[in-house]
Amino acid sequence: MVRPLLPVPGWMRGRGGQPEAYCHRAILDAIRYLVDNGIKWRAMPCDFPPWDRVYAFFRRWRDHLLVREFHDRLRGRVRQEAGRDAEPTAGVIDSQSVKADAVVGADSRGFDGGKLINGRKRHVVVDTLGLLLGVMVTAADIGDRTAAKVLLAWVAGTHHQLELVWADGCYTGSLVEHCLTAFALVLAIVKRSDNMRGFVVLPKRWIVERLFAHLMRSRRLVRDFERSATSAEAMTMVMTRRLARSRSARG
């Protein structure tokens, strides 16, 4: 699925240079191993290519948006195997605040007063299968509605068949009308009743909450260790790509 997207080395195009010494599949496995086990780049096991080469490939794929393309191709295949169209028509939006490591600069971190977390916030949109449609990482003090305007604009522009997005009570207000007028997108608010006691599964909202639970099983994502927000977004896509791949294998 992703082989056509991998960059063709210069020596194979007749531009000279030495042949590559490492298999791209081995590098992909090394990146997934790093995200799943939460190791440092320099702690890459000797079974994989050297850490600096793996990081160089990751940085190149991240900057050229290939990580996103890898994930999107696999998501479309999983949806088709599940009997759905490759492009979704409905989704769910939510956010998750995580603590940031010391390497995260003050310019991309903040304090979430609601959850009392000093770090970053992941804003995600998933389809009804729980597969990632879009992710944006911001400082934790950025409001959900403020980030949702940017994220939903990108998701609606990328997935043209998207018509409906479910959200929790944090996304009420002018955002509902803004989505309808600017993106032709219906933002449906799923509220928790005041009479509810204890844990209650809310319609549609549990789908994105399940994704957050899966992310917390990855040691690299329990805390934000990335210097840049783009790297944090790429790491999230690597993990969700692994989840989509495992679902495809089960199917």
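Criteria and thresholds
- Residues numbered from 1 in each chain as written.
- Predicted model: local features only at pLDDT ≥ 70, side-chain atom pairs only at ≥ 80, totals over all residues.
- Heavy atoms only, no water.
- Buried < 20%, exposed > 50% of the residue type's maximum accessible area, 1.4 Å probe, protein only.
- Helix = DSSP H or I, 4+ residues; strand = E, 2+ residues; numbered from the N terminus.
- Arc of directions from axis to C-beta.
- Contact = heavy atoms within 4.5 Å.
- Pairing = 2+ DSSP bridges.
- Salt bridge = Lys/Arg side-chain N within 4 Å of Asp/Glu carboxyl O.

Take helix α5 (residues 174-183) next. Within the sequence span of α5, burial applies to L175, C179 and F183. For α5, the arc enclosing every buried residue in end-on projection is 45°, short of the 170-degree limit, so these residues lie on one face. Facing away from the buried side of α5, by more than 90 degrees, are the exposed residues S174, E177 and T181. Looking at the buried side of α5, the elements it contacts are α4 (144-158) and β6 (186-189). A positive phi of about 55° marks A184, the residue just after α5.

Our next topic: the pairing of strand β1 (residues 90-99). For β1, the buried fraction is high: nine of the 10 residues fall into the buried class. Note: β1 against strand β5 (residues 164-167), three bridges, orientation parallel. By the bridge assignment for β5, V92 is matched with W166. As judged from the nine bridges shared by β1 and strand β3 (residues 117-127), these two strands associate in the antiparallel manner. Within β3, the residue paired with K99 across the bridge is G119.

What follows covers the pairing of strand β4 (residues 132-139). Counting buried residues along β4, eight of its eight residues qualify, which places the element largely inside the surrounding structure. Counted along the chain from β3 to the antiparallel partner β4, the turn is four residues long, and its residue G130 has a positive phi close to 90°.

The next point concerns the pattern of salt bridges. Enumeration according to the criterion identifies 10 salt bridges in this entry. Here R32 and D29 are joined by a salt bridge, their closest N and O atoms 2.4 Å apart. Placement of the pair is R32 and D29 together in helix α1 (residues 24-37), with a separation of three residues, close to one helical turn. Across the pair D127 and R79 runs a salt bridge whose closest N-O atoms are separated by 2.9 Å. Within this pair, whereas D127 is found in strand β3, its partner R79 is found in helix α3 (residues 66-81), the two being separated by 48 residues in sequence. When sorted by exposure, D127 lands in the same class as R79, which is buried. Several salt bridges converge on common partners, so that one network encompasses R25, D29 and R32.

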